[in-house]
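Remarks on the overall topology
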Amino acid sequence: MVARAQSRQNSKVRSEPEEVDDFRELEDALRIDEHALEEALRDQPAMFYRVSKAYALEMSRRDAAKQALADAEARADLDIRDEAREEEARAARKGKDKDAMSSKIKLTEGEIKARVQLSAEVEQARAVLASRSDSVAKLTALKEAFQQRSYALKDLASLYVANYYTASENNA
């Protein structure tokens, strides 16, 4: 059990800091300056690539967090069962009636499952997974927004070619 506790310490999921500045920069880049369409059209593929790459990376991190949660649940389950067996063995060594003692020590599957869910390691892994899932959701929205931006740029370029901006400036 000590070895499992030490391996648990070594295998804790490390959540890397979210690239908040990069995310905000990309969010700000969604805005289109109709007087700088050439620049916006030129930069669109590179920005979409950055968003897609960040999205893929965060999906991978979220998947790793899912696996870490499953691993934490398995370790907690084993620890709880080991502790129950050790307690039963201690009671038997003390010479007490094993049947009477085991009825007090034996845990139901529901009790084990509840203890697993309340385990500190499982709660931490669940929090990391929630954070990663939130990041994936934000990047999904950002990726979809950049796809919409691409369509908007196409329409704005059509307006530019039709001299819409020149006509509207003359009317002003």
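This section reports on the structure supplied with the text. Bear in mind the structure is a predicted one, so any value in this text is a computation, not a measurement.

**So, the overall build of the protein**
A count of helical and extended segments in the protein gives seven helices and zero strands. A total of 172 residues make up the protein; the buried ones form 26% of that total. Sequence-distant contacts in the protein: of pairs separated by 6 or more residues, those separated by 24 or more amount to 87%.

**Overview of the pattern of salt bridges**
Within the structure shown, the criterion is met by 13 salt bridges. Across the pair Arg132 and Glu58 runs a salt bridge, and its minimum N-O distance is 3.0 Å. One end of the pair, Arg132, is in helix 6 (residues 120–161); the other, Glu58, is in helix 3 (residues 37–93), and 74 residues separate them in sequence. The same class applies to Arg132 and to Glu58, which are both buried.

**A short note on the environment of Ile80**
Secondary-structure assignment places Ile80 in helix 3. For Ile80, a relative accessible area of 11% translates into the label buried. Spatially, the C-alpha atom of Ile80 lies 9.9 Å from that of Glu111, the residues being 31 residues apart in sequence. If we ignore the near neighbours within four places in the chain, the residues touching Ile80 are Leu107, Ile112, Arg115 and Val116.

**Digging into the packing of helix 5 (residues 109–118) against helix 6**
Helix-helix packing is characterised by the crossing angle of the two axes and by the distance between the axes. One can describe the packing of helix 5 onto helix 6 by two numbers: an axis separation of 5 Å at closest approach and a directional angle of 60°. By the criterion of interaxial angle, the relationship of helix 5 to helix 6 is oblique. Between helix 5 and helix 6, the contacting residues are Val116, Gln117 and Leu118 on the first element and Ala120, Val122, Glu123 and Arg126 on the second. Within the contact of helix 5 with helix 6, the residues separate by chemical class into four nonpolar, one polar and two charged.

Reading guide: rules and limits
- Residues numbered from 1 in each chain as written.
- Predicted model: local features only at pLDDT ≥ 70, side-chain atom pairs only at ≥ 80, totals over all residues.
- Heavy atoms only, no water.
- Helix = DSSP H or I, 4+ residues; strand = E, 2+ residues; numbered from the N terminus.
- Buried < 20%, exposed > 50% of the residue type's maximum accessible area, 1.4 Å probe, protein only.
- Contact = heavy atoms within 4.5 Å.
- Salt bridge = Lys/Arg side-chain N within 4 Å of Asp/Glu carboxyl O.
- Axes fitted to C-alpha atoms, helices over the stretch in contact; angles between N-to-C directions.
- Parallel < 35°, antiparallel > 145°, perpendicular 65-115°, else oblique.
- Nonpolar A, V, L, I, M, F, W, Y, C, P; charged D, E, K, R; others polar.

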